[in-house]
Amino acid sequence: MSSFPTIRMRRLRTHPKLRDMVRETMLTPNDFILPLFVRHGEKTRVDISSMPGHAQLTVDLLADEVAEIESLGIPSIILFGIPETKDSVGSDAYDDNGIVQQALRAIKAAGSNLLGMADVCFCEFTDHGHCGIINDRHGTMDVDNDATLEILVKEAVSFAKAGADVIAPSGMMDGMITALRTGLDDSGFENIPILSYAAKYSSGFYGPFREAAESAPTFGDRRTYQMDPANGAEALREVELDLAEGADMLMVKPALSYLDIIRRVKHAHPEVPLAAYSVSGEFAMVKAAAANGWIDEQRVALEILTSIKRAGADMILNYFAKDAARWLS
Ligand code: PBG
């Protein structure tokens with residue numbers, strides 16, 4: 001029999017104030033980046049049925065929206081655009097009058113101080129829904145990596161000209177950070193940071209987003225460019241390459257099923273700001289279960305967001321942001 005007294009971990013859990021004082025992870029609205037969907041047209045909100053509370057907004061509705069977001073203490077948004085017309089190369093994405101460019105200008109014109117990030121990809125802009133230019137050089141239709149890099153640069157430079165504060169490429173093309181850094185620098189945007197979706201997985205959790213952004217691929221899937229969910233070490237290679245190419249910040253996506261990846265990336269690079277994207281399917285699961293009365297939405301949402309931060313994320317792209325900011329205040 002041991003002669004030691006019981007070590008009482010519960011002592012520090014007895015008083016609520018003491019629990020507050022010994023809490024290791026503090027979630028605040030300052031951690032959040034809120035995705036927004038912008039569409040063509042006027043005075044229209046098109047609700048996204050699988051993402052309750054979220055809608056595609058026309059550009060004229062953005063001024064009020066960003067004012068509300070800012071008033072809640074959320075520092076940043078990331079824009080996704082749904083253009084009026086899609087084509088095989090997604091040309092709206094690099095049209096200086098494209099939907100995202102219009103949105104960026106409207107936000108600046110409204111005097112907003114939010115940090116405006118722009119997702120740089122093609123799946124919302126192409127008629128086939130893939131993240132770049134398609135060719136069949138090898139007998140199967142696939143995204144042409146290097147041809148896509150050229151239009152990615154045009155897209156990013158056009159977004160920067162329209163007022164994007166951060167460029168966030170999500171297409172998982174090889175060499176995209178080198179191409180974008182060079183292209184931005186050559187156009188005088190050497191101070192615009194790149195947040196790379198460095199480890200982005202080919203995930204079933206993107207389902208509701210594809211309704212929101214009308215970006216589901218019309219054939220095949222994204223497995224030739226996005227990562228296999230079974231791979232962890234490979235995420236570190238993606239991260240090494242993106243850092244070597246000049247990424248300023250990194251992202252892991254999705255978040256909840258990839259907390260181990262967030263942990264590994266933060267451990268390998270504690271000095272690099274790390275974002276995690278709690279994606280549409282993570283949000284939809286919580287909403288659906290809560291609507292059935294099976295879980296407590298507020299409690300579960302905050303628990304998920306806290307776990308993402310505890311795993312090592314410095315910032316969290318997520319769809320709970322407005323409600324979560326209210327709950328935290
Ligand atoms: C691709 C992109 C996707 C998301 C953000 N950017 C999805 C995809 O690969 O189809 C998904 C985000 C979410 O599910 O919330 N440009």
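Time to look at the overall build of the chain. A count of helical and extended segments in the chain gives eleven helices and twelve strands. A compact globule built from 329 residues should have a C-alpha radius of gyration of about 20 Å, and the chain, at 21 Å, falls within 12% of that. Dimensions along the principal axes, computed over C-alpha positions, put the chain at roughly 75 × 45 × 40 Å. Sorting the 329 residues of the chain into buried and exposed places 54% on the buried side. Contacts spanning at least 24 positions in sequence make up 75% of the contacts within the chain whose residues lie at least 6 apart. Accessible area for the chain stands at about 15,200 Å²; split by element, carbon and sulfur atoms hold 52% of it. With 32 positive and 47 negative side-chain charges, the chain shows a spacing of 11 Å between the two charge centroids.

What follows is about a nonpolar patch on the surface. On the surface, a nonpolar cluster with roughly 320 Å² of combined accessible area is contributed by Leu-12, Met-21 and Val-22. Its place among the elements puts Met-21 in helix 1 (residues 16-21). Classification of Met-21 as exposed rests on a relative accessible area of 68%.

This paragraph deals with the side chain of Ser-196. Position of Ser-196 relative to the elements: it lies in strand 9 (residues 195-200). Under the relative-accessibility criterion, Ser-196 is labelled buried at 0%. Once you skip the residues sitting within four places of it in the chain, Ser-196 turns out to touch Pro-169, Met-176, Ile-177, Asp-242, Ala-247, Met-249, Leu-250 and Met-251.

Every one of the 18 residues lining the ligand counts as a neighbour, but Arg-210, Gln-226, Lys-253, Ser-280 and Tyr-319 are closest to it. Contacts to the ligand include Tyr-319, whose side-chain N or O atom sits 2.6 Å from an oxygen atom. Protein burial of the ligand: of its 400 Å² of free accessible surface, 100% is covered by the chains. A breakdown of the residues in the shell around the ligand according to their chemical character gives nine nonpolar, three polar and six charged.

Turning our eyes to something else, we now look at helix 4 (residues 145-162). With 18 residues, helix 4 extends 26 Å from end C-alpha to end C-alpha; this agrees with the ideal 26 Å at 1.5 Å per step. A large share of helix 4 lies buried, amounting to 13 of its 18 residues. Capping the start of helix 4 is the job of one residue whose side-chain oxygen sits 3.3 Å from the backbone nitrogen of Asp-146: Asp-144. Count one or two residues on from helix 4 and you reach Gly-163, which has phi positive near 115 degrees.

So, about the pattern of salt bridges. Tallied over the entire structure, the rule returns 14 salt bridges. A salt bridge links Arg-326 to Asp-323, with the shortest nitrogen-to-oxygen separation between them at 3.0 Å. Of this pair, Arg-326 and Asp-323 are both found in helix 11 (residues 321-328), three residues apart, which corresponds to roughly one turn of the helix. Note on Arg-326: relative accessible area 38%, which makes it partly exposed.

Another point: the pairing of strand 4 (residues 76-82). Of all seven residues in strand 4, seven are buried; the element is thus mostly enclosed. Of the two faces of strand 4, the one holding Ser-76, Ile-78, Phe-80 and Ile-82 and the one holding Ile-77, Leu-79 and Gly-81 are both buried throughout. Where strand 1 (residues 32-39) lies against strand 4, seven bridges are found, and the strand directions are parallel. Counterpart to Pro-35 in the pairing with strand 4 is Ile-78. Relative to strand 5 (residues 115-120), strand 4 runs parallel, the two being bridged by four bridges. What sits directly across from Ile-78, in strand 5, is Met-117. Once you follow strand 4 into helix 3 (residues 99-109) and on to strand 5, the crossover reads as right-handed.

In the contact formed by helix 8 (residues 259-268) and helix 10 (residues 297-311), the axes pass within 8 Å of each other and the chain directions differ by 30 degrees. As judged from the angle between their axes, helix 8 and helix 10 are roughly parallel. Between helix 8 and helix 10, the residues in contact are Leu-259, Ile-262 and Arg-263 and Ser-307, Ile-308, Arg-310 and Ala-311, respectively.

If you check which residues of helix 3 are buried, you get Ile-99, Val-100, Gln-101, Ala-103, Leu-104 and Ile-107. Elements in contact with the buried residues of helix 3: strand 1, helix 2 (62-71), strand 4 and helix 4. Directly beyond the C-terminal end of helix 3, a positive phi value near 80 degrees is found at Gly-111.

Conventions adopted
- Residues numbered from 1 in each chain as written.
- Predicted model: local features only at pLDDT ≥ 70, side-chain atom pairs only at ≥ 80, totals over all residues.
- Heavy atoms only, no water.
- Helix = DSSP H or I, 4+ residues; strand = E, 2+ residues; numbered from the N terminus.
- Rg over C-alpha atoms; globule rule 2.2 N^0.38 Å.
- Buried < 20%, exposed > 50% of the residue type's maximum accessible area, 1.4 Å probe, protein only.
- Contact = heavy atoms within 4.5 Å.
- Areas by Shrake-Rupley, 256 points an atom, 1.4 Å probe, with all protein chains shown as cover.
- Lys, Arg positive; Asp, Glu negative; His and termini not counted.
- Charge placed at Lys NZ, Arg CZ, Asp CG, Glu CD.
- Patch = residues over 30% accessible without salt bridge, like charges linked within 9 Å, V, L, I, M, F, W, Y side chains within 5 Å.
- Salt bridge = Lys/Arg side-chain N within 4 Å of Asp/Glu carboxyl O.
- Near = heavy atom within 4 Å.
- Polar contact = N/O pair within 3.5 Å; in protein donor to acceptor, adjacent residues only side chain to side chain.
- Nonpolar A, V, L, I, M, F, W, Y, C, P; charged D, E, K, R; others polar.
- Expected span 1.5 Å × (residues − 1).
- Pairing = 2+ DSSP bridges.
- Right-handed = clockwise from strand over helix to strand, strands pointing away.
- Axes fitted to C-alpha atoms, helices over the stretch in contact; angles between N-to-C directions.
- Parallel < 35°, antiparallel > 145°, perpendicular 65-115°, else oblique.

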